[in-house]
Each structure stands twice: as structure tokens, then as C-alpha cells.
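Each chain, written out:
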Amino acid sequence: MEMIHIIFLIFLGGAVLTYFAGKVSKVLQDIFFLLSVLVPAYLFFANVGIGKEVTLTLGGITLVWGVNHFSWLFSLIVLGLGSMAAIYAIGYMKGKERKGYFYFNFILSIMAMMGILLSLDLVSFFVFWEIMTWSSYLMTVYNGHETQRIGIKYFVFSAIGAYAMLMAIVIVHHVAGSFMIGSMINFYPNMSLSLQIWIPILFLMAFGVKAALMPLHVWAPDAYSNAPMAYTSVFSGALSKMGIYGMVIVLVTMINQIPQGFWFREVIAWLGGITAVLGTLWAIKQDDAKKLLAYSSVAQLGYIIVGIAIGTELGMLAGLFLAVMHALFKGTLFMVTGAVEKQTGTTNFTEVTGLIRKMPWTFFAALFSIIALAGIPPLGGFVGKWMLYEALITSNHYLLVIVIFFSSTAAFLYCYKFLFGFFLGQEEKEWAHVKEAPVVMLVPMIIMSVLMFVLGTFPGLILKPINSGLVDLGYIDTFKHLWNTSIIFNAWGDHVVLQPILYYIIAIFVFFALFLTWKGHKTTRYVTTKDISSSGEVPAEDENLTFSVGFMQPFLRAVAPAMRRQIDKYYTGIADGLESLFEFMRRIYTGNGQTYAVYVIVFVVVVLLFKSVLF
């Protein structure tokens, strides 16, 4: 039996064993869960070589699985983040109900994403895509909050994407006579012009849903914020990348081959830019960390889509580098939010604040993630955004530069809101009991925080695998002239020397630490938001004077015109119209035989009256 077969069997068998192990022992269940994720990850990177292919014949259909440099890059995201999230989940899920349900769907999600990445035929690709959709849907409704609205919205959009993909697969098999992805790519230039346009559109609809590309994004904010935080780190950080993975393949292997490809790319790039801006504005508006990070995820995916849609060497490098960084910093931020939720019972900025002394290690992880997200050196987000700006400028997309720069600058507001809201505000007595998150939850957050710093200083560690993946897709080898492609690498080679900046940052932190110590830490009196007076009146205990309340209102009033129209309202209008139509149809099909007899008589009369016209 081939190693890839063994990996899938471990995933599937582990999911089933983990589910039933909870009936014997919770500790045994945790062990099975960890092994079901970590063992396949180890086996994949240790034993599955690039170019390896295996086959499996079922029902007369040959399924082919294999790995190339491009799928290996995304496998690193899925298995790396999945392993960290699995360790984190042990602590997060402690004491929670339905752990078997959570663990089962978690493992299936990781398995399905790996199946998508390893699939070389469209049948297994679609099957694994549906397993990923179903398992993530079940995670979305895990908490039981607004399952009717949130769960159905996610499922409907996923179904639209799945049917679009299925239509494309059927058409490809009809004209090419094969389910192999390679055969589809090779036969694509021989298709009619209409098929050359419609097949990419159908695939991009499916991939655009998972990548939360506007206007297909409306499911994402609620789904991300409603799923358990131990899973949302994978949901946002890895599962969304399956959409990016598919979009890159379609853009490179299909769109590049048709004369209309330029306009395809321009439309997708602008949709990505709009996604980045509107996602950022809605993130600023949120007072709940889950919703803030959910909209922020939509915005960050917009940056990635802009990079891959531009399609130049530098644009692809920027987009895929940001994809890796997004998995790291957004996965960590969702973990931070989960840690705060577990220790305080809330994720609302207006309720909990001043946790820096209570949860210093969680604050450290949040700080590094925010710095990376904001694109500030010396972390990896700076490298990715720098390359993206250069890619846009060198490809003459000057208006898109303005759009992305506005979104990136405005993102500082919600970055500050997140950091200040949880950690830097005034301490409240009701949170005096809060303690640091469990070690098993802290370790993954700290590891990923360190990786953000490492990739900011040595981006070549990821740029080299990205380059190899692009070569597999038909790009020229960018590694040899990578330093001539981007200004950021001209002087420093395959790593960015930001040590002087780092030294200044450390010096500033050390200076203020010494200054505060010298001033006398013990003599400092800590006050709460109620320990003030206003015009002689002392605020009541139930009055919320948290600094973050209403802090963004001036900015939100300024950008209100851009946020006034919501695509969600149009979708709701369409849904209401369909519901009315279905209700009307239900009244027609009454189930009464006499009514149907009347319908038949009316039909016969109409046919007789208009037979000369009809026939």
C-alpha cells in the first residue's frame, strides 16, 4: 500500500476512533485526536516525495493522487496550521460538550483539504471538496447559535459553488473525454471560445466562494465568528486557501491562454481590491473580536487575490507569500481570541479589557500577530505587502495601489482596537480573577509568533518553495533573478537585513521598561473606568465608559457612504422572492385529486383553443 493511501486511512480511521474513544476516556480521545493529525503530517513530509503519484480504481473510475511543488506549499499551510490548531484545541475544548463531534469534523476537514491538494483528477477533487464543505458546515453550527441563518447561508453559497464546479467538470469530461486535470489543461486551447470563457467562470465561482471574494463573501463573517475558535484558525487560515489554490490554477492554466484573459484578471483584481477595502471598513465597525477578525480575514484574502490576479512573477510571489503569512497571523489571532474567551467568557471589547498583566504571553502572541498583519517590520507581513505594492506599481496598476494602501492604512484602526480593547485598557475589578491561558494553548501561539519574525527576516525560506511551485505552473525560475525583481532584495540577497530596525525597537521597549521601573511600580495606583468623576457626578457601576466604545465613530461617519449598500440585503431580497414563489407553488400542488383534475381539464381546453397556434 502506498504512503498516500496510508495517510488517508489514518485520517479517516483516526476520525472514527477519536469519535468513539470519548465514550471510554476523555484523555484517550485527546491522544487519538492528536495522533490522527500529527502522524499523517509527519508521514507526509518525511515519506511523500515531490512527483509521487498513486492510483485507486473505484467503480470503473481511476482516481489519481500526487504531489508537486505547488500543492506541497499549500500542504505546508494545511498540515502546519492544522497541527498547531490541533494542539491548541486540546486546551480549548477541555470541559466542553460534544468533543467527539468537534474532533471528528476537525480531522475530516484536514483530510479533505489534503485530498484536494493531492487530487490529480476532477472526481476526487470534487469529492474531497464536498467533504471539506460538509465538515466545515457542521463546525459552523457546532455552537448552536443562529444555525438557521448562519448555517443555511454558508451551505447555500457552498452549494452554489459546488454545483458550478460540477457543471464545469461535466462539460470538461464531455468535450475532453477525461476527468484528469492535466488532460483538461492540455485540451483547453482546443475548446470553443464560449467554453473557454464559461469553464473558468464556473470554476472561479466555486473557488471565489471559499476565498470569500466579494460579492460571494457574505457567508464568511458569520461562519468564521460562529465556529469554535480552535477550528476558526484553520477555517480562516487554511480552508480559505483552497479557494486561492484553485484560483491560481485556473488563472495560470486557463485564463492566461485566452485573449480575454487580461480582462478576467483585471476584474478579479478589482474585486479583490474592493474586498480588501470593504472588509477592512466592516472590521473597524465591530465591537466583538470574533466578528472583527472575521471581516479582517475577508479583507486580507482580498490582498492575496489582488496579487495572484495581477499574475506577474512578483505579484504571484507576493500573493502566495501573503497566503502563508495570513495563515500564521490570522490563525494566531483567532487562537488569542479563543484564549480570552475561555478565560473570561466573552470576546466583546466593551466588556473585557486590561488583560496585559493577567495574560502576558497571550498578549505577546497578539502583539506579534498584529504587527505582522499591519505590515510593519521586522515581521513577515511587511515583506509580503512591500512586494504587493511593487507588483502593482511595476504592472501599472496605480489606482489599485491607492485602494490597497487605503485598506492597509485603515487596518491600523482595527489592529489598535483589537490590541487595546483586550489588553491595553484599564483593568476592571470583575476581571481580577483572570489567569493566563493553559500552556497547551500558549505553545502553538508562541511558535507561530516566532515564525512570523523568522519569515520577516529570512523570507527566502518560503519564497524558495513558492518559486518552485510557480515553476511547476509554467513560470520561469525566479530564484536566480529574484533580487532583481524586488527592491527589497537588491542589497540583501535571499534574506532581509532588518536587524538595525529590530535593535531600535528593542531599545525603545527596554527604555520604557526601565523608565517605568525607575518611576516606582509599587507606588502606581491602578484605576478602573469607574474611578473618575464627571461634573461632580460619579458614574454608576452599570455605565460602560470603556475607551473603545464609540472610539471609531468619526471615521465610520466619514466612510458611511461606502458602507451604506450591503450586498447581503440583495441576497436576502432574492431569498424572500424565492420563498414567496415556492409558497405560491406549494398552494398549486395541494395534493387534492379533484384540484389536479381541474388543472388537467383547463390544460386540455387551452390546448384545444390554441391548437392551430401550438401545432
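Refer to the preceding data block for the structure.
Residues numbered from 1 in each chain as written. Predicted model: local features only at pLDDT ≥ 70, side-chain atom pairs only at ≥ 80, totals over all residues. Heavy atoms only, no water.

Participant: Explain the overall build of the protein chain to me, using residue names and the numbers behind them.
Facilitator: In terms of helices and strands, the protein chain carries 26 helices and 2 strands. Counting all 615 residues of the protein chain, 53% fall into the buried class. Looking at the protein chain alone, contacts between residues at least 24 apart form 79% of all its contacts between residues at least 6 apart. Carbon and sulfur atoms form 69% of the exposed surface of the protein chain, whose accessible area is close to 27300 Å². (Helix = DSSP H or I, 4+ residues; strand = E, 2+ residues; numbered from the N terminus. Buried < 20%, exposed > 50% of the residue type's maximum accessible area, 1.4 Å probe, protein only. Contact = heavy atoms within 4.5 Å. Areas by Shrake-Rupley, 256 points an atom, 1.4 Å probe, with all protein chains shown as cover.)

Participant: So, the packing of aromatic side chains: which residues are in play, and what are the values?
Facilitator: Within the structure shown, the criterion is met by 43 aromatic pairs. A ring pair is formed by Tyr224 and Phe235, whose centres lie 5.0 Å apart and whose planes are at 75 degrees; its orientation type is edge-to-face. Placement of the pair is Tyr224 in helix H9 (residues 220-226) and Phe235 in helix H10 (residues 229-253), with a sequence separation of 11 residues. For the pair Tyr224 and Phe235, a shared accessibility class is recorded, and that class is buried. Relative to Phe235, the ring of Tyr231 lies with its centre 5.5 Å away and its plane at 55 degrees, an arrangement referred to as tilted. Taken as a pair, Tyr231 and Phe235 lie in helix H10 at a separation of 4 residues, close to a single helical turn. (Phe/Tyr/Trp six-rings, centres within 6.5 Å; stacked < 30°, edge-to-face > 60°.)

Participant: Got a sec to walk through the pairing of strand S1 (residues 53-58)? Specific residues and values, please.
Facilitator: In this structure, S1 lies alongside strand S2 (residues 61-66), joined through 6 bridges in antiparallel fashion. Along S2, the bridge assignment pairs Val54 with Trp65. Between the antiparallel neighbours S1 and S2 lie 2 residues, among them Gly59 with a positive phi of about 60 degrees. (Pairing = 2+ DSSP bridges.)

Participant: Describe the nonpolar core, listing the residues and the values that go with them.
Facilitator: Within the largest apolar cluster, 191 residues are counted, with the highest numbers of intra-cluster contacts made by Phe102, Phe106, Phe203 and Phe418. Sorting elements by how many residues they give to this core places helix H13 (residues 313-344) first, with 19 residues. Ignoring sequence-local partners within four residues, the contact set of Phe102 consists of Ala89, Met93, Met139, Tyr142, Pro228, Ala230 and Tyr231. (Core = buried A, V, L, I, M, F, W, Y, C linked by side-chain atoms within 4.5 Å.)

Participant: Please set out unusual backbone geometry residue by residue, giving values where relevant.
Facilitator: Across the junction of Met214 and Pro215, the peptide omega takes the value 5 degrees, indicating a cis bond. Topologically, Pro215 is positioned in the loop between helix H8 (193-210) and H9. Here Arg98, not a glycine, exhibits a phi torsion of approximately 55 degrees, which is positive. In this structure, Arg98 sits in the loop between helix H3 (69-92) and helix H4 (99-118). Of the residues examined, Arg98 reaches a relative accessible area of 43% and is grouped as partly exposed.

Participant: Explain H10 to me, and be specific about the residues and the numbers.
Facilitator: Between its terminal C-alpha atoms H10 stretches 36 Å, which fits the 36 Å expected from 25 residues at 1.5 Å a residue. When the local axis directions of H10 are compared, the greatest deviation, roughly 35 degrees, occurs at Phe235. (Expected span 1.5 Å × (residues − 1). Bend = angle between axes of the 7 residues up to and from the residue.)

Participant: Can you explain the packing of helix H5 (residues 122-140) against H10? Please cite residues and give values.
Facilitator: Running from amino to carboxyl end, H5 crosses H10 at an angle of 150 degrees, the nearest separation of the two axes being 12 Å. Here H5 lies roughly antiparallel to H10, going by the angle between them. Note on packing geometry: the crossing formed by H5 with H10 is left-handed. Where H5 abuts H10, its residues Phe125, Trp129, Met132, Ser136, Met139 and Thr140 lie against Tyr231, Phe235, Leu239, Met242, Gly243 and Tyr245. Split by residue class, the contact of H5 with H10 holds 9 nonpolar, 3 polar and no charged. (Axes fitted to C-alpha atoms, helices over the stretch in contact; angles between N-to-C directions. Parallel < 35°, antiparallel > 145°, perpendicular 65-115°, else oblique. Left-handed = near helix turned anticlockwise from the far one by under 90°. Nonpolar A, V, L, I, M, F, W, Y, C, P; charged D, E, K, R; others polar.)

Participant: With reference to specific residues and values, describe the packing of helix H11 (residues 261-285) against helix H16 (residues 398-424).
Facilitator: Following both chains from N to C, one finds H11 and H16 inclined at 20 degrees, their axes separated by 9 Å at the closest point. Classified by the angle their axes make, H11 and H16 are roughly parallel. Judged by the twist between their axes, the crossing of H11 over H16 is left-handed. Across from Ala269, Trp270, Gly273, Ala276, Val277, Thr280, Leu281, Ala283, Ile284 and Lys285 in H11, the residues of H16 making contact are Leu399, Leu400, Val403, Ile404, Phe406, Ser407, Ala410, Ala411, Leu413, Tyr414 and Lys417. Residue composition of the contact of H11 with H16, grouped by class: 16 nonpolar, 3 polar and 2 charged.

Participant: A description of the environment of Ile249 should follow, citing residues and the corresponding values.
Facilitator: Structurally, the position occupied by Ile249 is in helix H10. Sequence separation between Ile249 and Ile185 is 64 residues; the distance between their C-alpha atoms is 9.6 Å. Once residues within four sequence positions are removed from consideration, Ile249 is found in contact with Phe70 and Met254.

Participant: I'd like a rundown of the pattern of salt bridges, residues and numbers included.
Facilitator: Under the definition given, this model contains 6 salt bridges. In this structure, Asp222 engages Lys153 in a salt bridge whose closest nitrogen and oxygen atoms are separated by 3.5 Å. A residue pair is termed long-range when its members are at least 10 positions apart, and Asp222 in helix H9 and Lys153 in helix H6 (residues 147-176) qualify at 69 residues. Accessibility classification places Asp222 together with Lys153 in one group, the buried group. Linking Asp287 and Lys417 is a salt bridge whose minimum nitrogen-to-oxygen distance equals 3.2 Å. (Salt bridge = Lys/Arg side-chain N within 4 Å of Asp/Glu carboxyl O.)

Participant: Hey, could you go over the side chain of Lys99 for me, with residue numbers and the actual values?
Facilitator: Within the secondary structure, Lys99 sits in helix H4. Overall, Lys99 belongs to the buried group, its relative accessible area being 8%. For Lys99, the residues in contact, after removing those within four places along its chain, are Lys26, Gln29, Asp30 and Met93.

Participant: Any details on the environment of Gly456? Residues and values, ideally.
Facilitator: The residue Gly456 is located in helix H17 (residues 439-457) in this model. The class for Gly456 is buried, based on a relative accessible area of 0%.

Participant: Got a sec to walk through the side chain of Gln29? Specific residues and values, please.
Facilitator: Mapped onto the fold, Gln29 is located in helix H2 (residues 26-47). Assessed through its relative accessible area of 1%, Gln29 is described here as buried.

Participant: Account for the environment of Tyr245, naming residues and giving values.
Facilitator: By the secondary structure assignment, Tyr245 is in helix H10. Residue classification places Tyr245 among the buried positions, given a relative accessible area of 5%. When the C-alpha positions of Tyr245 and Leu320 are compared, they lie 9.3 Å apart, and in sequence the two are 75 residues distant. Apart from the residues within four sequence positions on either side, Tyr245 is in contact with Phe70, Ser71, Phe74, Ile116, Leu117 and Phe125.

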